[in-house]
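Geometric and topological summary
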Amino acid sequence: MKHMNSEVKEERTSNKKRIDLFLVPIVLIAAFLNLFKIWTDEYVNAYYTAAVKSMLQSFHNFFYASFDPGGYVTVDKPPVVFWIQTISAKIFGFHGWSVILPQALAGIGSVLLLYVLMKHTFGVWAGRFAALAMALTPIVPAVSRTNNIDSMLVFTLLVATWMLFRAVRTAKFGWVLAAFAMIGVAFNMKMLQAYMVLPAFYVFYVVATKITWKKKIAFLTTATALMLAVSVSWAVVVDSTSADKRPYMGSSQTNSVLELAFGYNGINRLTGNTSVTGSSHKQPAQTQQQTASSETKQNSNSSADSSQSSNQRKSSSSQKMQAPGGGNQNGMFNTGNPGPFRLFQKGLSDQISWLLPFVIFSIVGLFAGVKFKGPYTTKQKESLFWLAWLLPVAVFFSIAGFFHQYYLIMLAPPIAAFAGAGAVALWSMYKQRNGWKLWLLPGGILTTAALQVYIMSPYVSSIGVAPIAGVGALGVILALVLAVRKERKNSVTNYLGVAAMVVLLAMPAYWAMTPIIYGGNSMLPAAGPDSSSGMGGPPSTATNSKQSGFNGMQPPGSSSGNSSSNNQMQPPSGLSNSGQMLMPNSFSSKSSSSKQKSGGMNAEVNKKLLNYLTKNNTGEKYLFATTDSTSAAPYIIETGKPVMAMGGFSGSDPILTVSKLKAMIKKGEVKYFYLSGMGKGGQSDVITWIKENSKEVPSSKWQSTSSSSQQGPSGNGTLYEITLK
């Protein structure tokens, strides 16, 4: 701490050609948080893992990111991250850890990149603090330990940032093109989410470059055109390919990549409008309890409430996600309620907001005295970049209608950057007694400690009173001592500063470890003492511990004592009759287990069903067909055989028609159909036709009664056989 003020040339020069020994433990911490025990998660997010299994089998599947080996439907995202995961699985073999590895390495890479970005301008101590803050931001390791896309997305955007900064420093237009092209690559990872950083790129380039306005406009226009070309390159190829020669574009309603990009994966995230054809208002068909994806789709099951038995209603009611004190106060997917203080609400604050008050004080200090018309120092220009990244993204998450907690990793780089730069700047102002600015450091420490007490308070039953009281008391004491201390340039003051940083990072560090300690949810990753639930919020009131997987639902072939409800329309998975969230009971990747088939489902392949289908297959392309990807994914992962998810991810995609299905059956492509109460939206006519034109296979021939199979996402179902001549 005592050397933080020497961010000047000699410190940067001394570290330029040797390894920064302070950085080594930071990288090791990041590596531990991102990599330790990833080998225990076998299925990961099964929706994406099944796609990797399929993509390994042919270039056709690889290029289109097909969910199933038969090339029937794609996953709901562009292919770049899945290409990387498939290459990793090709090199290391198909395992859960091999599809996680690229994201885990990307999380570590983001820590290193942030260090490099901050060190060059703000000094080595700023780089160290920023890297450590990034590594210890709870949602960063939580999502990096899965095969979800966001960790790789953030890494790619940081690479683009490094290219942009280099473009400004070297005054070479080629680096500008490379930076914007990299954003185009990021678009092919998670579509419009990649564009959230564009305000920062435009503002920084305009402010930081010393060229004429005419050149600025020309260069940015050209770079933007390149970015758009790269962005839509894959989409244009896919959309221009005949529909009968490629898989259906999963989660779209018109079989179009561009519709998916600007609709479901774009504007609809802001508006919250995720309805599908056939209903004016839908609830998500796939939530914490489904394995299919980190993204939640919709189905048109809103009319199903009347068909659910009173016992099912009681079961659903007993597992509603509740806020402390009762009541469903945490919003859909535990993302709080829209408003200016949403990032401080339960469910979001413990994922990303631990250092936000300190960041606010840092922003005040870094921009103190800056005039709108400039001139700006290099530090101020780069601070403006991080501010232009932070504010639009924070505003989006404050008002958006539909997102998941792990999307908040988009806020991690600017928060960590300001934490690093601010620690150095506020410390300098404090030691130099720089007028009113000297109060920014103790003020930032005090308010940050107060927020952390607020964040932890709902978890007192899980973590106890001691850490909450400890952070609060130490934060107050250290802030007051620093505020009243007159001698500010001796070693005691330095130790106080170090102690304050340790206190403020202690609980974020613990929270970042919770996916390792308590187990993680690979489908909807979140950090916290209940991280295995994927809710990342305060403890649930769910009580029915005997039910497993998705609130007691079973995979294809498991038995249930409630057989009378088979094939009835049920509310979307993870929702009660009233549309409230349900708390899953056991689909986590528990750290105490040697191997977990979590993937958001904990599903076991029913060997009896698999043996029956394999034995009676007479050359059909598909092992069986089912309503959605949830039931299909574990069988694809385990066998590598084609299983048809007739309605795509959630069962709501309008892929099949009765005439198309008849043709497939006549061609001998499929004859067995497993139907449950889930995922009927968008294909009710098809399911009705199947039931009316098939014979039911006796459950004794295929249905398992072992308790081990009673874990999984699908509702109680029936196996049908159809043969047409």
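So, how was this worked out
Residue positions within a chain follow its written sequence, with the count starting from 1. Local features in a predicted model are, by the rule used here, given only for residues with pLDDT of at least 70; side-chain atom pairs are given and counted only at 80 or more, and totals for whole chains, interfaces and linings are based on all residues. Only hydrogens and water are removed before side-chain values are computed, so all heavy atoms of the structure are retained for them. Each helix is a run of H or I in the DSSP string that is no shorter than four residues. Each strand is a run of E no shorter than two, and both are numbered from the N terminus. Only protein chains enter the accessibility calculation, which uses a 1.4 Å probe; a residue is then buried when its area is under 20% of its type maximum, exposed when over 50%, and partly exposed in between. We call two residues in contact when some of their heavy atoms are within 4.5 Å. The protein chains shown are the only cover counted for residues, whose accessible areas, like all others here, come from Shrake-Rupley with a 1.4 Å probe. Here a polar contact is taken to be a pair of N or O atoms separated by no more than 3.5 Å, where protein atoms must pair a possible hydrogen donor with a possible acceptor and residues adjacent in sequence count only if both atoms sit in side chains. Working convention: axes come from line fits to C-alpha atoms, limited for helices to the stretch in contact. Angles between N-to-C directions cover 0 to 180 degrees. The labels follow the angle: roughly parallel below 35 degrees, roughly antiparallel above 145, roughly perpendicular from 65 to 115, and oblique for the rest. Crossing handedness is read from the near helix: turned anticlockwise from the far helix by less than a right angle, it gives a left-handed crossing, and turned clockwise, a right-handed one. Each residue is assigned to one of three groups, with Ala, Val, Leu, Ile, Met, Phe, Trp, Tyr, Cys and Pro labelled nonpolar, Asp, Glu, Lys and Arg labelled charged, and all others, Gly among them, labelled polar. Definition of nonpolar core: a set of buried residues of the types Ala, Val, Leu, Ile, Met, Phe, Trp, Tyr and Cys, connected through side-chain atoms within 4.5 Å. The predictor rates its confidence in each residue with pLDDT, a number between 0 and 100. At least two DSSP bridges between two strands are required for those strands to pair.

1. What about the overall build of the chain?
Summing up its helical and strand segments, the chain has 26 helices and five strands in all. Burial statistics for the chain: of 725 residues in total, 62% are counted as buried. Long-range pairs, those at least 24 residues apart, make up 76% of the contacts in the chain between residues at least 6 apart in sequence. With an accessible surface of roughly 25,900 Å², the chain has 62% of that area assigned to carbon and sulfur atoms.

2. Some words on helix H24 (residues 629–639)
With nine of eleven residues buried, H24 lies mostly within the body of the structure. Taken together, the buried residues of H24 touch helix H3 (46–55), helix H23 (607–615), strand E1 (625–626), strand E2 (644–645) and strand E3 (672–675). Capping the start of H24, Asp 628 holds a side-chain oxygen 3.1 Å from the backbone nitrogen of Thr 630, two or three residues further along. Positive backbone phi, at 75 degrees, marks Gly 640, one or two positions downstream of H24.

3. Examining the packing of helix H9 (residues 150–170) against helix H11 (residues 198–208)
It is at 10 Å that the axes of H9 and H11 come closest, and there the two elements cross at 15 degrees. By the angle class used here, H9 and H11 are roughly parallel. The handedness of the crossing between H9 and H11 comes out as right-handed. Residues Leu 157, Ala 160, Thr 161, Leu 164, Phe 165 and Val 168 of H9 pack against Phe 201, Phe 204, Tyr 205 and Ala 208 of H11. A breakdown of the residues in the contact of H9 with H11 according to their chemical character gives nine nonpolar, one polar and no charged.

4. Some remarks on the side chain of Ser 362
Note on placement: Ser 362 falls in helix H16 (residues 356–367). Among the polar contacts listed, one links the side chain of Ser 362 to the backbone oxygen of Phe 358, at a separation of 2.8 Å. For Ser 362, the contacting residues outside a window of four places in its chain are Phe 418, Gly 422, Ala 423 and Leu 426.

5. Remarks on the nonpolar core
Residues Trp 386, Phe 397 and Leu 411 are the most contacted members of the largest nonpolar core, which totals 141 residues. Considering every element that reaches this core, the biggest residue donor is helix H18 (residues 412–431), with 14 residues. Residues Phe 67, Tyr 635, Met 644 and Phe 649 belong to the second largest nonpolar core, which totals 59 residues.

6. Comments concerning the confidence of the model for the chain
Taken as a whole, the chain shows an average pLDDT of 83; of its residues, 77% reach a score of 70 or greater. In this model, residues 276–328 is a region of pLDDT below 50 whose contacts with residues beyond four sequence positions or in other chains number 214 contacts. This stretch, residues 558–594, has a pLDDT under 50; its non-local contacts, to residues over four places away or in other chains, come to 154 contacts.

7. Side note on the sheet that holds E1
Strand-to-strand pairing in sheets goes through backbone hydrogen bonds, with the strands running parallel or antiparallel. Strand order in the open sheet made by the five strands is E2-E1-E3-E5-E4, with mixed pairing throughout. Looking at the sheet topology across the chains shown, the edges are occupied by E2 and strand E4 (695–696). Bridge analysis of E1 against E2 gives two bridges, and the strand direction is parallel. What sits directly across from Thr 626, in E2, is Ala 645. In this fold H23 packs onto E3 and strand E5 (718–721), with an angle of close to 0 degrees to the strand it touches most, E5.

8. Things to note about unusual backbone geometry
In this model, Val 44 sits at a positive phi of 55 degrees, which is unusual for a non-glycine residue. Within the secondary structure, Val 44 is located in the loop between helix H2 (23–35) and H3.

9. Re the pairing of E5
Across the two faces of E5 the burial is the same, with Thr 718 and Tyr 720 and Leu 719 and Glu 721 all buried. Sheet topology note: the E4/E5 ladder contains two bridges and is antiparallel. Along E5, the bridge assignment pairs Glu 696 with Tyr 720.

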